[in-house]
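An overview of the molecular structure
Spelled out from the first residue to the last, the chains are:
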Amino acid sequence: MSDLLERLRGRGWRVTSQRRVVAEVLDGDHVHLTADEVHARAAERLPEISRATVYNTLGEMVSLGEVMEVSTDGRAKRYDPNAHRPHQHLVCSGCGLIRDVRPTGDPLAGLPDGERFGFTVSGAEVTYRGLCPECSRP
C-alpha cells in the first residue's frame, strides 16, 4: 500500500476505487504531476475515472494537508505527495522538471532580524532554479 494511501486511511478518509487510484498515481519520490497528468495515469488503471473526480480528490488531499500544491513560474499547479517530509524544490527553468531537495541548514537563518519587519516567522519556502541535464545539453 502506498505511503499516501496509508496516511489518508489513518485520517479516516473513505477509500473508493477512484480515490485509491489517484493516491497510487501520486505515490513515490520526486512526484510532481499536474492534475491532467494524474488523470491520464489514473485512467490507464481505471478508464472510467472522470477528470472532475481527479480534481475533487486532489482538492481533498490538499485540504487534508496530505498533498501540497506546487506552483512555479506560472506553469500548471503540480501535486506533491511528500507533504510530511520537509524539503525544498529544484526546478528546471527549461522544461519545468521538479525534484525534491533537502538542503542542510536552516533557511530562516539567512533572514536577518532587521528583514523580518516584526513578523514571527514560522517557515520558509525556497525554490532552487537551474537547468536539468537534458536542457543543458548543447
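Quick note: structure is the one above.
In this numbering scheme, every chain counts its residues from 1 along its sequence in written order. Thresholds applied to this predicted model are a pLDDT of at least 70 for local features of residues and 80 or more for the giving and counting of side-chain atom pairs; totals over whole chains, interfaces and linings are not thresholded and use all residues. Excluded from the side-chain calculation are hydrogens and water; included are all heavy atoms of the structure.

As for the layout of surface pockets
- Buriedness for pockets is judged along seven lines, at least five of which must meet protein on both sides within 12 Å for an open set on the 1 Å grid over protein atoms alone, while cavities are sets there where a 1.4 Å probe fits but cannot get out, and lining residues have an atom within 4 Å of a point. Grid points are joined across faces, edges and corners, and a volume is the space filled by probe spheres set on the points. Empty space within the largest pocket amounts to approximately 540 Å³.
- Lining the largest pocket are 23 residues, with His87, Gln88, Ala124, Glu125 and Val126 positioned closest to its centre.
- Take the lining of the largest pocket: its biggest share by element is 3 residues, from strand 1 (residues 68-70).
- Of the residues belonging to the lining of the largest pocket, the class tally is 9 nonpolar, 9 polar and 5 charged. By the criteria applied, helices consist of DSSP H or I runs no shorter than four residues and strands consist of E runs no shorter than two, each listed in order from the N terminus. Just so you know the grouping, Ala, Val, Leu, Ile, Met, Phe, Trp, Tyr, Cys and Pro go in nonpolar, Asp, Glu, Lys and Arg go in charged, and all remaining residues, Gly too, go in polar.

Some points on the pattern of salt bridges
- Here a salt bridge means any side-chain nitrogen of Lys or Arg lying within 4 Å of a carboxyl oxygen belonging to Asp or Glu. All told, the structure shown has 12 salt bridges when counted by the stated rule.
- Across the pair arginine 11 and glutamate 66 runs a salt bridge, and its minimum N-O distance is 3.1 Å. Within this pair, whereas arginine 11 is found in the loop between helix 1 (3-10) and helix 2 (17-25), its partner glutamate 66 is found in the loop between helix 4 (51-63) and strand 1, the two being separated by 55 residues in sequence.
- Only protein chains enter the accessibility calculation, which uses a 1.4 Å probe; a residue is then buried when its area is under 20% of its type maximum, exposed when over 50%, and partly exposed in between. The partly exposed category is assigned to arginine 11, whose relative accessible area is 46%.
- Look at the salt bridges and you will find they share partners, linking Asp3, Arg7, Arg11, Glu66 and Arg85 into a network.

Some thoughts on the side chain of aspartate 80
- Structurally, aspartate 80 can be placed in strand 2 (residues 78-80).
- Counted charges follow a simple rule, with Lys and Arg positive, Asp and Glu negative, and His plus the chain ends left uncounted. Look at aspartate 80: it is buried, it has no salt bridge, and the nearest opposite charge is arginine 85 at 7.2 Å.
- Two N or O atoms count as a polar contact when they lie within 3.5 Å, although within protein this holds only if one can serve as hydrogen donor and the other as acceptor, and sequence-adjacent residues are included solely when both atoms are side-chain atoms. Of the polar contacts made by the side chain of aspartate 80, one reaches the side chain of histidine 89; its length is 2.9 Å.
- Residues count as neighbours in contact if any of their non-hydrogen atoms are within 4.5 Å of one another. With sequence-adjacent residues up to four places away left out, aspartate 80 is seen in contact with Val31, His32, Val67, Met68, Val70, His87, His89 and Asp100.

Focus: helix 3 (residues 35-45)
- Taken together, the buried positions of helix 3 are Ala35, Val38, His39 and Ala42. For helix 3, the angular spread of buried residues about the axis comes to 100 degrees, placing them on one side.
- Looking at the buried positions of helix 3, the neighbouring elements they touch are helix 2, helix 4 and strand 2. Comment: arc refers to directions from the helix axis out to C-beta atoms.

A look at the sheet that holds strand 4 (residues 98-101)
- Two strands form a pair only when DSSP identifies at least two bridges running between them. One open sheet holds the 3 strands; their spatial order is 4-3-5, and the pairing between them is mixed. The open sheet is flanked by strand 4 and strand 5 (127-130), the only strands paired with a single partner. Averaged over all neighbouring strand pairs, the angle between strand axes comes to 25 degrees, with direction disregarded.
- The pairing of strand 3 (residues 88-92) with strand 5 spans 4 bridges and is parallel. Its bridge partner being in strand 5, leucine 90 is matched across the sheet by tyrosine 128. For every element, the axis is a line fit to its C-alpha atoms; helices are fit only across the contacting stretch, and the angle between N-to-C directions ranges from 0 to 180 degrees.

Things to note about the nonpolar core
- Definition of nonpolar core: a set of buried residues of the types Ala, Val, Leu, Ile, Met, Phe, Trp, Tyr and Cys, connected through side-chain atoms within 4.5 Å. Counting residues in each nonpolar core, the largest one holds 21 residues, and the members touching the most others are Leu4, Val22, Leu26, Val38, Leu58 and Met61.
- Breaking this core down by element, the ones donating at least two residues are helix 1, helix 2, helix 3 and helix 4.
- At 4 residues, helix 2 tops the list of elements feeding residues into this core.

Quick look at the state of the cysteines
- Our working definition of a disulfide is a cysteine sulfur pair at a distance within 2.5 Å. The tally for this structure, following the rule as stated, stands at 0 disulfides.
- Unpaired in this structure, cysteine 92 has its nearest cysteine sulfur neighbour in cysteine 135, at a distance of 3.6 Å.

Observations regarding the environment of aspartate 29
- For aspartate 29, the position within the fold is in the loop between helix 2 and helix 3.
- For the pair aspartate 29 and arginine 99, spaced 70 residues apart in the sequence, the C-alpha separation amounts to 8.6 Å.
- Not counting residues within four places of it along the chain, the set of residues in contact with aspartate 29 comprises Asn82 and Arg85.

Worth remembering: the numbers are spatial, not functional.
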